[in-house]
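# Understanding the architecture of this molecule
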Amino acid sequence: MNKEKVLEQVQAALTEHRYTHTLGVRDTAVRLAQMYGADVERAAWAAIIHDYAKFRSKEEMADIIKNEGMDTAFVTYGGELLHAPAGAVLAREELGVKDEAILEAVVWHTTGKPGMTVLEKVLFLADYIEPNRRFPGVEDVRAQADEDLDEAVCTALGNTITFLIKKRQPVFEKTLAAYNELILA
Ligand code: DGI
Ligand code: FE
Ligand code: FE
Ligand code: FE
């Protein structure tokens, strides 16, 4: 796999804004991987491809999830979740990424899940705190990310749950389970 070539394919699939975000996630994921002992190369790869499917149609992404036998809950909980599992499948098929640890990190980057690997936590958190993100509470999570990976992931999950409830949107069950696992730890 050639990283520069895949980056070009990713850039062609995204808007300029989303590509800038992707580069921010890559740099943040590499830094977090170095801090917390995840595989740095895998972290960079996972970040580069994580939003590859962001602009595919919801119909195409839902079909992919069903045809691959993935958790159909991704389809039930609203369109924003589809690009994570569908992106992992499309990255394997179209970008040639075969590493299961990388692809799993992409699958769970939006929702999180209980029992995440360090690599999965690194991508989830990097997506939340990369430097182009500006929303209330992000500075607190950035500060926690320098101190304690699990605490930062827990806060990000909690913020996302609160945000969804305020908007009267459904909360993916594994997102709640991931929060509970970390808050009880
Ligand atoms: O793709 P990005 O914008 O970089 O970030 P992301 O993959 O974390 O997607 C964020 C979106 O996903 C945001 O609109 C909130 C939504 N989301 C995250 N967790 C859940 C969720 N939506 C539902 N319905 N349930 C969730 O648990
Ligand atoms: Fe995403
Ligand atoms: Fe996220
Ligand atoms: Fe993202």
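You'll find the structure just up there.
Residues numbered from 1 in each chain as written. Chains lettered and ligands numbered in written order. Predicted model: local features only at pLDDT ≥ 70, side-chain atom pairs only at ≥ 80, totals over all residues. Heavy atoms only, no water.

## Some remarks on the layout of surface pockets
Its boundaries defined by the atoms lining it, the largest pocket holds a volume of some 880 Å³. If you trace the largest pocket, you find 30 residues lining it, with Glu-80, Thr-110, Thr-160, Phe-163 and Leu-164 closest to the centre. If you list the elements that add at least two residues to the lining of the largest pocket, you get helix H8 (118-129) and helix H10 (149-166). Top element by residues in the lining of the largest pocket is H10. It accounts for six residues. Each residue belonging to the lining of the largest pocket can be placed in one class, and the counts come to eleven nonpolar, eleven polar and eight charged. (1 Å grid on protein atoms, 1.4 Å probe; cavity = no way out; pocket = protein on both sides within 12 Å on 5 of 7 lines; lining within 4 Å. Points joined across faces, edges and corners; volume = space filled by probe spheres on them. Helix = DSSP H or I, 4+ residues; strand = E, 2+ residues; numbered from the N terminus. Nonpolar A, V, L, I, M, F, W, Y, C, P; charged D, E, K, R; others polar.)

## Describing the site of ligand 1
In the vicinity of ligand 1, 17 residues are found, and the nearest of them are Arg-18, Lys-54, Tyr-77, Thr-110 and Arg-133. In this structure, Lys-54 approaches ligand 1 through a side-chain N or O atom, which is 2.6 Å from an oxygen atom. Contact distances for ligand 1 include 2.8 Å between a nitrogen atom and a backbone N or O atom of Tyr-77. About the coverage of ligand 1: the protein hides 87% of its 580 Å² of free accessible area. Counting atoms within 2 Å of the grid points, the majority share of ligand 1 lands in the largest pocket. Elements that contribute at least two residues to the shell around ligand 1 include exactly helix H2 (16-36) and H10. (Near = heavy atom within 4 Å. Polar contact = N/O pair within 3.5 Å; in protein donor to acceptor, adjacent residues only side chain to side chain. Areas by Shrake-Rupley, 256 points an atom, 1.4 Å probe, with all protein chains shown as cover. Sits in = over half its atoms within 2 Å of the grid points.)

## Remarks on the pattern of salt bridges
Side-chain pairs of opposite charge can arise where the charged atoms are in close proximity. Applying the stated criterion across every chain yields a total of 14 salt bridges. Between Asp-51 and Arg-18 there is a salt bridge whose closest N-O contact spans 3.0 Å. Of this pair, Asp-51 sits in the loop between helix H3 (40-49) and helix H4 (58-67) while Arg-18 sits in helix H2; the two residues are 33 residues apart in sequence, bridging distant segments of the chain. For the pair Asp-51 and Arg-18, one class covers both residues: buried. Note that Arg-133 and Asp-127 form a salt bridge whose closest N and O atoms lie 3.0 Å from each other. The exposure class assigned to Asp-127 is buried, which follows from its relative accessible area of 10%. One salt-bridge network, in which partners are shared between bridges, spans Asp-39, Arg-42 and Asp-99. (Salt bridge = Lys/Arg side-chain N within 4 Å of Asp/Glu carboxyl O. Buried < 20%, exposed > 50% of the residue type's maximum accessible area, 1.4 Å probe, protein only.)

## Quick word on the nonpolar core
Ranked by internal contacts, the top residues of the largest apolar core, which has 60 residues, are Val-10, Ile-49, Leu-95, Leu-125, Ile-129 and Val-153. A per-element tally of this core places H8 first, with eight residues. Those residues in contact with Val-10, other than ones at most four positions away along the chain, are Tyr-19, Thr-22, Ile-48, Ile-49, Tyr-52 and Leu-95. (Core = buried A, V, L, I, M, F, W, Y, C linked by side-chain atoms within 4.5 Å. Contact = heavy atoms within 4.5 Å.)

## With respect to the coordination of the iron ion (ligand 2)
The coordination sphere of the iron ion (ligand 2), as far as protein atoms go, consists of Asp-51 (OD), His-83 (NE2) and His-109 (NE2), spread over 2.1 to 2.2 Å. Mapped onto the sequence, the residues coordinating the iron ion (ligand 2) show the spacing D-x31-H-x25-H. (Donors = N, O, S within 2.8 Å, 3.2 Å for Na, K, Ca; no water.)

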